[in-house]
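Chain by chain, the residues run as shown.
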Amino acid sequence: MTSQTLFAEARRYIPGGVNSPVRAFRGVGGEPFFVDRAKGAHIWDIEGKEYIDYVGTWGPAILGHAPGVIQEAIAAAALKGVSFGIPNPLEVEMARTITEWVPSIKKVRMVNSGTEATMSSIRLARGFTGRDKIVKFEGCYHGHVDSLLVKAGSGALTHGQPDSAGVPAALAQLTITLPFNDPEALRAIFAREGSQIAAVIVEPIPANAGLYLPRPGFLELLRELCSAYDALLIFDEVMTGFRLARGGYQERCGITPDLTALGKIIGGGLPVGAFGGRAEIMDQLSPDGPVYQAGTLSGNPLAMAAGLAQLHELERLNAWDKLEAIGAEFEEGTRVALKKAGRDYVFQRIGSMFCLYFTSGEVWNLADAQRSDRAGFARYFHACREAGVYFAPSQFEAGFLSLAHTSEDLVKTAQIVERALGA
Ligand code: KE4
C-alpha cells in the first residue's frame, strides 16, 4: 500500500479523493501523501517518511500532535462513555473556561466545527437584529456556509471557487463583500446600507489568503461603525482563538466583538466549534429564544475532555510567550534564508501563525496576495516536502507553529527553505 495506490482507491469512493479540498494538493500540483502517524512537531507518511509539520492539522495541534495530556484525557473520558446526548459536566467546565478566558463571551454554545460556529453566529445575528444583510471581506474564509461562500478564501480561493456553485443568488445577494483594510469602502457601505446590516463577520487576522494584518485603526473603525448602526461585530477566531493570546486576538487588540466564533484548538484535535458573546444575544437561541440551533454531538464528552486538556496545558505552560519566542526564531531563520537565497519575498507573521508570499512589495489584502507567483510557490512547496518539511499545500493558507517545534527543527527547516527557494 503506497500513498499513490491509496489515493487512487480514495478517488473511487471520495470526491477528489479527499474529505476536504485543500488536502488534494490542487494548489501545488501532484498528489497528497497519506499520513500514518503524528507526534509533536513531526508526522510520518505511510511510506515511513518523516516531516517537520507546519500545518498542525490547520491549527488544533498547538501543543504539537498527540500530546500525552490529550491522549490520556480522551482515554479516561472514553471509559465513561463516548456520547450521551444528555448534559454532562464537561460541557459546563468548557463553557465556564471559555467565558473566563474570553471576557466578551458571557454565554457560549458548543458545536462541531468552525463552519457551524460561523453559520450559527450569522443566523443568530439576523434573528437578534431582524436584519438580513451580512458584510464579509474578500479572501476571508469562514467555513462552507452558504451565506459566506462569497469571495471566500482558503480552499475556495485555491480552487478558483470563491463564489461556490449551489449558493442561491437570492442568498448571495444578501452578502456584501468588501476589500479588507479599506476604510473608505467600509464607511460608504454603512452610510448606504447600515440600517440593513445584521452583522459584519471578520477574521481579525485574515489567514485564509495566506496571512495579512489589519492596518492600524481598521478594526477599530469596524467596531465604531457596527456600534453606530446597531449591527453586530462577529470575530471569527476559529484559527486565532487561544492561539494568539489566552483570550484570542481580541485580547491583543482590545476590541470587544458582539459574537465570537471559535474552533480548532478548543477541540484538542477532535471535532469542536463554539460561538458565544453578549448574553442578551445568546439568549435568543432555542430553547430560550426564537433562533433555532442544535447538534447531536455538540458538547461531546471526548471532544470536551480533549479540548479542556489542551486549554489547561496551554495555561499551565504559559504557552503564549513561548509560542511568540518560537515564532520569532522561525521568522529569523526564514529571513536569513531569504537573504542568502537573494529573494525579496514577503514573510508575514503574528505569534505562531505565518505566511511566505512569493511576491515583493506589501500584502495588506486579497488583491495584494493574489500577485504571488503560485508556480514558484508550488516548486518551493514540493522541494521542502521532498526534503522533509511540510508546509500548507497552497499559497493561500497560513502556517502554524506549535510548542513542540524545537530549535533543531527550526534550524533544519531554515536550511531546507534556503535550498528550496532556489527550486
Ligand atoms: P471548519 O468548519 O473547517 O472546522 O472551520 C471553518 C473555518 C472557519 N473560520 C476560519 C477562520 C477558518 O480558518 C476555518 C477553517 N480553516 C481551514 C484552513 N484554512 C480548514 C482547512 C480545510 O478546509 O480543510
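Residues numbered from 1 in each chain as written. Predicted model: local features only at pLDDT ≥ 70, side-chain atom pairs only at ≥ 80, totals over all residues. Heavy atoms only, no water.

Observations concerning the pairing of strand 2 (residues 42-45)
Along any regular strand the residues' side chains alternate between the sheet's two faces.
Then comes step 1: Because side chains alternate across strand 2, one face comprises the buried residues H42 and W44, and the other comprises I43 and D45, equally buried.
Then comes step 2: Bridging between strand 1 (residues 35-39) and strand 2 involves four bridges; their strand directions are antiparallel. In the strand pairing of strand 2, V35 is matched with D45.
Then comes step 3: With antiparallel pairing between neighbouring strands as the criterion, strand 1 and strand 2 make up a hairpin whose turn holds two residues, including G40 at a positive phi of roughly 65 degrees.
Then comes step 4: Between strand 2 and strand 3 (residues 50-53), which pair antiparallel in sequence order, lie four residues; one of them, G48, sits at a positive phi of approximately 90 degrees. (Buried < 20%, exposed > 50% of the residue type's maximum accessible area, 1.4 Å probe, protein only. Helix = DSSP H or I, 4+ residues; strand = E, 2+ residues; numbered from the N terminus. Pairing = 2+ DSSP bridges.)

Remarks on the pattern of salt bridges
Then comes step 1: By the definition in use, this model includes 15 salt bridges.
Then comes step 2: Between D283 and K107 there is a salt bridge; the shortest N-O distance is 2.7 Å. Taken together, the residues span a long stretch of sequence, with D283 in the loop between helix 10 (279-282) and helix 11 (301-316) and K107 in strand 4 (residues 107-111) at a distance of 176 residues.
Then comes step 3: Residue K107 is classed as partly exposed on the basis of its relative accessible area, which comes to 38%.
Then comes step 4: Two residues, R278 and E280, come together in a salt bridge whose shortest N-O distance is 2.5 Å. (Salt bridge = Lys/Arg side-chain N within 4 Å of Asp/Glu carboxyl O.)

A word on the environment of G268
Then comes step 1: Structurally, G268 is set in the loop between strand 9 (259-263) and strand 10 (273-277).
Then comes step 2: Residues within four places of G268 in sequence aside, it is in contact with I70, A306, G307 and Q310. (Contact = heavy atoms within 4.5 Å.)

Some thoughts on the sheet that holds strand 11 (residues 346-350)
Pairing between the strands of a sheet is mediated by backbone hydrogen bonds and can be parallel or antiparallel.
Then comes step 1: Ordered in space as 11-12-14, the three strands form an open sheet in which the pairing is antiparallel. Every other strand in the sheet has two partners, leaving strand 11 and strand 14 (399-400) as the edge strands with one partner each.
Then comes step 2: As judged from the two bridges shared by strand 12 (residues 353-357) and strand 14, these two strands associate in the antiparallel manner. Directly across from F354, in strand 14, lies its bridge partner G399.
Then comes step 3: Its contacts with the sheet place helix 12 (residues 319-341) against strand 11 and strand 12, and it is angled at close to 175 degrees to strand 11. (Axes fitted to C-alpha atoms, helices over the stretch in contact; angles between N-to-C directions.)

Section: the nonpolar core
Then comes step 1: Membership of the largest hydrophobic core comes to 65 residues, with the highest contact counts inside it found for I98, Y380 and F391.
Then comes step 2: A per-element tally of this core places helix 11 first, with nine residues.
Then comes step 3: When we break this core down by domain, the ones giving at least three residues each are domain 1 (3-66 + 317-422) and domain 2 (68-316).
Then comes step 4: Residue contacts for F391: discarding those within four places in its chain leaves Y54, V55, F330, F354, Y380, F381, C384, T413 and V417.
Then comes step 5: One finds A209, L225, I255 and V363 within the second-largest nonpolar core, a separate group that totals 44 residues. (Core = buried A, V, L, I, M, F, W, Y, C linked by side-chain atoms within 4.5 Å. Domains from an automatic or database assignment.)

Some remarks on the domain arrangement of the chain
Then comes step 1: For the chain, the domain assignment lists domain 1 (3-66 + 317-422) and domain 2 (68-316).
Then comes step 2: Look at where the C-alpha atoms of domain 1 and domain 2 centre, and you get two points 25 Å apart.
Then comes step 3: The interface of domain 1 with domain 2 comprises 41 residues on the first partner and 41 residues on the second.
Then comes step 4: Between domain 1 and domain 2 lies a buried interface of about 3300 Å² when both sides are counted; carbon and sulfur atoms form 64% of it.
Then comes step 5: Among the residues of domain 1 in contact with domain 2, W320, I350 and W364 are the three that bury the most area, contributing 24% of the side total.
Then comes step 6: Seen at the junction of domain 1 and domain 2, the total is zero salt bridges.
Then comes step 7: Taken together, the connections running from domain 1 to domain 2 amount to 23 residue pairs in polar contact (both at pLDDT 80 or more).
Then comes step 8: Elements represented by at least two residues in the side of domain 1 that touches domain 2 include exactly helix 12, strand 11, strand 12 and helix 13 (366-369).
Then comes step 9: Residues belonging to the side of domain 1 that touches domain 2 are distributed by class as follows: 26 nonpolar, 10 polar and five charged. (Buried area = accessible area lost by both parts, 1.4 Å probe. Polar contact = N/O pair within 3.5 Å; in protein donor to acceptor, adjacent residues only side chain to side chain. Nonpolar A, V, L, I, M, F, W, Y, C, P; charged D, E, K, R; others polar.)

A few points about the site of the ligand
Then comes step 1: The environment of the ligand is made up of 17 residues, and the closest members are S20, T115, N208, D236 and E397.
Then comes step 2: Between the ligand and T115 there is a distance of 2.6 Å, counted from an oxygen atom to a side-chain nitrogen or oxygen.
Then comes step 3: Between the ligand and the protein, one listed contact pairs a nitrogen atom with a side-chain N or O atom of K264 at 3.1 Å.
Then comes step 4: Contact with the protein chains removes 87% of the 540 Å² of surface that the ligand exposes when unbound.
Then comes step 5: For the shell around the ligand, the residue count by class is five nonpolar, eight polar and four charged.
Then comes step 6: Mapping the shell around the ligand onto the domain boundaries places at least three of its residues in each of domain 1 (3-66 + 317-422) and domain 2 (68-316). (Near = heavy atom within 4 Å. Areas by Shrake-Rupley, 256 points an atom, 1.4 Å probe, with all protein chains shown as cover.)

A short note on the packing of aromatic side chains
Then comes step 1: What the rule picks out here adds up to 25 aromatic pairs.
Then comes step 2: Judged by centre distance (5.9 Å) and plane angle (80 degrees), the rings of W101 and W320 are edge-to-face. Placement of W101 in helix 3 (residues 89-101) and of W320 in helix 12 is noted, with a sequence separation of 219 residues between them.
Then comes step 3: Residue class for W101 comes out buried when judged on its relative accessible area of 3%.
Then comes step 4: On the basis of relative accessible area, W320 is assigned to the buried category, the value being 12%. (Phe/Tyr/Trp six-rings, centres within 6.5 Å; stacked < 30°, edge-to-face > 60°.)

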